[in-house]
Amino acid sequence: MEAPHKGTDFPMATGWRPYPLLGWASATLLLAVSWGLPATAALWAGLDTRLHAALNGTAGNAFMAKVWETGCNPRFAAFMILTVLAAWLVHLGRERGPGFAHDLALGIVAGLLPLVLLALNMLLASEQPAPAIALPNHIAIGPIMPSPESGAGATAAFPAGYAVFTGALTAMLWRGFGRRFGLLALGILLLIAAPRIATGAEWASGSITGGLGGAFLSLAIVTGTPIAHALYKLVHIPARALVAIFERMVAALSTEGRENFHPAKQVLRGMCIGAADLVPGVSGGTMALILGIYKRLIGAIAHFDAALLGHLRRLEIVAALRRIDILFLVPVGIGVLLALVIFSRVIPLSHLVTEFPEVMFGFFFGLIAASIVGLLSHVEVGGAPGLIWLALGAAFGLAAATLVPVQTPDAGWFIFLAGMAAIAAMLVPGISGSFVLLILGKYTDAIDALGRLDFSFLLPLIGGVVTGALVFSRAISWLLNRFYRSTMLTVIGILAGSLLAVWPFKDRQFEMIAGKARMVSADPYLPLSFDLTVAGGVAAMIAGILLYRLLDRLAQHSDG
């Protein structure tokens, strides 16, 4: 394969190239022919039996059964694709001008071709009895972990459609954006394939054939034909026009000293904040602080004030938009809304927190612990007074983390107050808005209402959130502007105290209240034995620490 693009060079064929076309088309044909030859067909059958036995044999363990079942859920595949999208947004955030338009158009082309191949596979693929039915000694996941979404049906598509899509995506991203993107997509292919093979939902050979076939066909098209280049030109023209319009907006609406060109980066930051707010014990304010945009975000919200109304009354629209830092606030807000929709409707975080508490909370424990160390490197403690502020913050965070849920009214006025309390907590790093809703007995109701779009619950909740944001953001902004070091040290202390709320190893007790399972207590413990559950929690902690290092690259430590 050729080297990935540099600058704005198009990394794929711009005309007909017979040798690459013939080579990759021949590889695709040989892959198909291998199923018609007795010797190679026997090798495929042996591979199916051995891989299925190796992976399905672990399903006798309840934890692994839960892992395999979750991996078979279509929502898991959606989450994996969103991971690629997030990585692409990070990449876009490094470009501007012609480079931004180029990578935007190239990314759209890289996503379109796999979708076309997936559609073709859906039309042409054959159906075969699923391994769960056809292979002997299969361990059924259902009796261990009942769920209608365990993934094992009566038949399996051949080649596997998900493998065709991710195989093609791997080739396109490697070709267009380089090895790291290609390896990311390949890793996602393996993560989606393993649970489906383990549960007997897909044949290993169907997954391998689909992945290789999708990759070979993609490479035949992009290296031997001008099709990808024609699509690129079609998309690049409007992309370039949109970038030009946005550059003019930036010139007109930017405030001095602000970095505003990269909306993709701000959307991704907003998604991180929104996702964090959905997990009890984790604060969106914490994520904003980690990402280096906390002070700017609080200041933008606080500027919804009388001065803004004055600008609007005088029809000073540009001044009004500058005052609320619109070029920053809108993409961050879009990211938050996307995260709320995605992680409540597509990939419910509440389900993951319930099913894998050690892994989920372990991840956020590692992330927050690493952020405390990182933030202390940017704020000078300053001797005994600084230590006192840290201690006060830690005591407050610890007190908040030891609260337990209570039963509360379901009336609209209380939902409004709960919204105010939640946004106040969201704005303070270390105190989770979701955790406050959990304490007030409204977390599950809020997630359910968001998933069902129940406006009888959402409207008073949103009203409380908006009111609370306008009130509390001004107080926090005032503290940051006048007592920045003391405020930040207190916040870091709150983060340290709040680590108890996300300690992954707890004895969680649930009771049925009003027909819903609600957590009534969570007593922390130190694991004395090492099993898969503990290993998952520890691995998640390490992953959270590593993610902090990646998020640190997205951060603006100047808070500008």
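Cut-off values and rules
- Residues numbered from 1 in each chain as written.
- Predicted model: local features only at pLDDT ≥ 70, side-chain atom pairs only at ≥ 80, totals over all residues.
- Heavy atoms only, no water.
- Helix = DSSP H or I, 4+ residues; strand = E, 2+ residues; numbered from the N terminus.
- Buried < 20%, exposed > 50% of the residue type's maximum accessible area, 1.4 Å probe, protein only.
- Lys, Arg positive; Asp, Glu negative; His and termini not counted.
- Salt bridge = Lys/Arg side-chain N within 4 Å of Asp/Glu carboxyl O.
- Polar contact = N/O pair within 3.5 Å; in protein donor to acceptor, adjacent residues only side chain to side chain.
- Contact = heavy atoms within 4.5 Å.
- Patch = residues over 30% accessible without salt bridge, like charges linked within 9 Å, V, L, I, M, F, W, Y side chains within 5 Å.
- Areas by Shrake-Rupley, 256 points an atom, 1.4 Å probe, with all protein chains shown as cover.
- Expected span 1.5 Å × (residues − 1).
- Core = buried A, V, L, I, M, F, W, Y, C linked by side-chain atoms within 4.5 Å.

(A) Structural context of the side chain of Asp48. Its place among the elements puts Asp48 in helix α2 (residues 38–56). Among buried charged residues, Asp48 stands out as having no salt bridge; its nearest opposite-charge side chain is Arg50, 10 Å away. A polar side-chain atom of Asp48 sits 3.1 Å from the main-chain amide nitrogen of Ala204. Setting aside anything within four residues of it in sequence, one finds Asp48 in contact with Leu135, Trp203, Ala204 and Ser205.

(B) The environment of Ile372, seen in detail. Tracing the backbone shows Ile372 in helix α18 (residues 357–376). Since its relative accessible area comes to 11%, Ile372 is described here as buried. As for Ile372 and Ala496, which are separated by 124 residues in sequence, their C-alpha atoms are 6.9 Å apart. If we skip the residues at most four places from it in the chain, Ile372 touches Ile492, Leu495, Ala496 and Leu499.

(C) Spotlight on a nonpolar patch on the surface. On the surface, a nonpolar cluster with roughly 450 Å² of combined accessible area is contributed by Val116, Leu120, Leu123 and Leu124. With respect to the secondary-structure elements, Val116 resides in helix α5 (residues 98–124). Classification of Val116 by relative accessible area gives partly exposed; the value is 47%.

(D) Quick look at α2. Its 19 residues place the ends of α2 26 Å apart at the C-alpha level, agreeing with the 27 Å of an ideal helix rising 1.5 Å per residue. The set of residues buried in α2 consists of Trp44, Gly46, Asp48, His52 and Asn56.

(E) Broad picture of unusual backbone geometry. The amide bond that connects Phe158 to the next residue, Pro159, takes the cis arrangement and shows omega of 0°. For Pro159, the location among the structural elements is in the loop between β2 (155–158) and α7 (161–177). The phi torsion at Asp325 lies on the positive side, around 55°, for a residue other than glycine.

(F) The arrangement of the nonpolar core in detail. Met287, Leu297 and Phe343 are the most contacted members of the largest nonpolar core, which totals 79 residues. For this core, the element with the most residues is α18, which contributes nine residues. Those residues in contact with Leu297, other than ones at most four positions away along the chain, are Ile273, Ala288, Phe328, Leu329 and Val332.

(G) Just the pattern of salt bridges, in detail. Under the definition given, this model contains four salt bridges. Linking Arg196 and Glu202 is a salt bridge whose minimum nitrogen-to-oxygen distance equals 3.5 Å. Neither residue differs from the other here; Arg196 and Glu202 are each classed as buried. As a salt-bridge pair, Glu316 and Arg314 come within 3.1 Å of each other at their nearest N and O atoms. Classification of Arg314 as exposed rests on a relative accessible area of 52%.

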